[in-house]
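Structural overview
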Amino acid sequence: MVNFFHESPLVIKSEKLTTIFSKISLPWTITIGYLTIMLLIPMAALILKSSTLGFAKFWEIATSDIAISAYQVTFITALFAGFINGLMGTLLAWVLVRYKFPGRKIFDAMIDIPFALPTAVAGLVLATVYSETGWIGRLFVPFGIKIAFSQLGVFVAMLFISLPFVVRTLQPVLQELEKETEEAAWALGANDWETFRLVILPPLIPPILTGIALGFSRAVGEYGSVVVIASNIPFQDLIAPVLVFQRLEEYDYVGATVIGAVLLFISLILLLVINFLQQWGRGYAEN
C-alpha cells in the first residue's frame, strides 16, 4: 500500500537543521560572535583592503628598504626581549615562590607595574633613567654605550612591557609543584642539577614558552613607550608600529595598511611556531 503521508525531503532537512541549531548553546554563540566582531572582521578588513592594490604594488610597498629595516628592528628586538624575559622571568618567579624574605609581597606587586602604567609614561620614565644624564644611562657613557634614543632603548622598552607575562604564567605552576617529588629525587641519589633538569624543569617548559609567546606578541605591537625612548630614525631604531603611525600622519593610508598586513602575517607565523614549541614542551613534560 502506498504511503501518501511520507515526509518530503525539505521537511526532513528542516528538522535536521532545527536539531543542529537547538544543540548550539548560548555561550558558544556569544563566544563565536564576539571573536568574529573583535578579531576576524578587523583582520579580514585589513587583508582585503591591502589586497585591492594588486600584488605588484603590495610587494613594492611591503619590501621597501625602510619597511624591511623596520621589520628587522621590530621582530629581532622583540625575540631577544622575549627570550631574555623567559630566563629572567623564570628566575624572578622562582625566587618569589620559593623564598621568603622581607618585602616579598611588595616586589611581587611591582611585577604588575608594566600592566598598570600607561605606555607613554613608561617610555618617559625609561628615557629619563636611561638617557646619557640619567641614573643608569650615565653609567654606560664612559664605555661609549648609548641606551636611550637607540635600538638598545627599544630593547629596554620591550623588556619592560613584556616582563610580567613569563612571571605571572609561571608562578601558579611553581606553586603547584610538590616538594616531595624533589625530596624523592634527592633520596634516590640525584644531585641538585639532575633534580632541576629531570624533575623541576619539564613541567615548567610549557608555561615558560607561553609566557615568551605572550611577551613577544606584546613587544611586537608596542608603540607608546618605544616612540618616546627611541629616536624613531629609519634604518636605526624605527619599529614597524611607529612606521605605520608615520604613514598615517602623512595620509598614506595604503602604505599603513600594507605594513600592518605584513606585521599581521609575520606575527601569525611566529606565533604558530611558538605554539608548536609549546605542544612539544607539553609532550616533553608528559614523557
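Going by the structure above, here's the rest.
Residues numbered from 1 in each chain as written. Predicted model: local features only at pLDDT ≥ 70, side-chain atom pairs only at ≥ 80, totals over all residues. Heavy atoms only, no water.

**Things to note about the overall build of the chain**
Let me state the cut-off plainly: Only DSSP runs of H or I reaching four residues or more are called helices, and only runs of E reaching two or more are called strands; each is numbered from the N terminus. For each residue, the accessible area found with a 1.4 Å probe, counting protein chains only, is set against the maximum for its type, and the residue is called buried under 20%, exposed over 50%, and partly exposed in between. Throughout, a contact is declared for two residues whenever any of their heavy atoms are within 4.5 Å. Only the protein chains shown count as cover for residues, and all accessible areas are computed by the Shrake-Rupley method using a 1.4 Å probe.
Helix and strand counts for the chain come out as 14 helices and 0 strands. Counted from the first residue to the last, the chain has its helices and strands arranged as α-α-α-α-α-α-α-α-α-α-α-α-α-α. For the chain, the residues scored as buried account for 35% of the 287 residues in total. Look at the contacts in the chain between residues 6 or more apart in sequence, and 73% of them connect residues 24 or more apart. Accessible surface, the chain: about 17,700 Å² in total, of which carbon and sulfur atoms supply 71%.

**Focus on unusual backbone geometry**
Located in the positive-phi region is F149, a residue other than glycine, with phi close to 60 degrees. With respect to the helices and strands, the residue F149 is situated in the loop between α8 (137–140) and α9 (151–176). Within the chain, N232 stands out as a residue other than glycine whose phi angle is a positive 60 degrees. Mapped onto the fold, N232 is located in the loop between α12 (224–229) and α13 (240–249).

**What about the packing of aromatic side chains?**
Aromatic rings in a pair are described by how distant their centres are and how their planes are angled relative to each other. Inclusion rule: In this scheme Phe, Tyr and Trp rings, the latter by its six-membered ring, pair at centre separations within 6.5 Å, and the angle between planes marks the pair as stacked below 30 degrees, edge-to-face above 60, and tilted otherwise.
Counted under the stated rule, the structure contains 7 aromatic pairs. Centroid distance F55 to W59: 5.9 Å. Interplanar angle 20 degrees. Geometry classified as stacked. Highlighted residues: F55 and W59, both in helix α3 (residues 55–62), separated by 4 residues, approximately one helical turn.

**What about the environment of R218?**
Assignment of secondary structure puts R218 in helix α11 (residues 192–220). Sequence separation of R218 and S162 is 56 residues, and the distance between their C-alpha atoms is 6.3 Å.

**A look at the nonpolar core**
The criterion, for reference: As used here, the term nonpolar core means buried Ala, Val, Leu, Ile, Met, Phe, Trp, Tyr and Cys residues forming a set that is joined through side-chain atoms within 4.5 Å.
With 41 residues, the main nonpolar core has Y71 and L243 as its most contacted residues. Within the residue set of this core, elements represented by two or more residues are α3, α4 (65–98), α7 (119–130), α9, α11, α12, α13 and α14 (253–286). For this core, the element with the most residues is α4, which contributes 8 residues. Apart from residues lying up to four places away in sequence, Y71 is in contact with A62, I76, A240, I259 and V262. In this structure, I111, V167, L170 and I208 belong to the second largest nonpolar core, which totals 13 residues.

**Section: α9**
Quick note on the threshold: Any helix carries an expected span of 1.5 Å times its number of residues minus one. Note on bend: at a given residue it equals the angle between the axes fitted to the 7 residues ending there and to the 7 starting there.
The first and last C-alpha atoms of α9 sit 39 Å apart over 26 residues, in line with the 38 Å expected at 1.5 Å per residue. Where α9 bends most, the angle comes to about 40 degrees, and this point is S162, followed within four residues by the proline P164.

**Comments concerning a nonpolar patch on the surface**
The line we're drawing: Residues with no salt bridge and a relative accessible area higher than 30% make up the patches, which join like charges within 9 Å and nonpolar side chains (Val, Leu, Ile, Met, Phe, Trp, Tyr) within 5 Å. We count a salt bridge whenever a side-chain nitrogen from Lys or Arg sits within 4 Å of a carboxyl oxygen from Asp or Glu.
Together, Y34, L35, I37, M38, L39, L40 and I41 make up a nonpolar patch on the protein surface, roughly 710 Å² of accessible area in all. Turning to its location among the elements, L39 is positioned in helix α2 (residues 26–51).

**Structural notes on the pattern of salt bridges**
As enumerated under the stated definition, the model contains 5 salt bridges in all. When the shortest N-O distance is used, the salt bridge between D108 and R168 registers 3.0 Å. Of this pair, D108 sits in helix α5 (residues 104–110) while R168 sits in helix α9, and the two are 60 residues apart along the sequence. With a relative accessible area of 23%, R168 lands in the partly exposed category. Where E250 meets R247, a salt bridge forms, and the shortest distance between an N and an O atom there is 3.5 Å. According to the relative accessible area criterion, E250 is exposed, its value standing at 52%. Within this structure, D108, D112 and R168 form a network of salt bridges that share partners.

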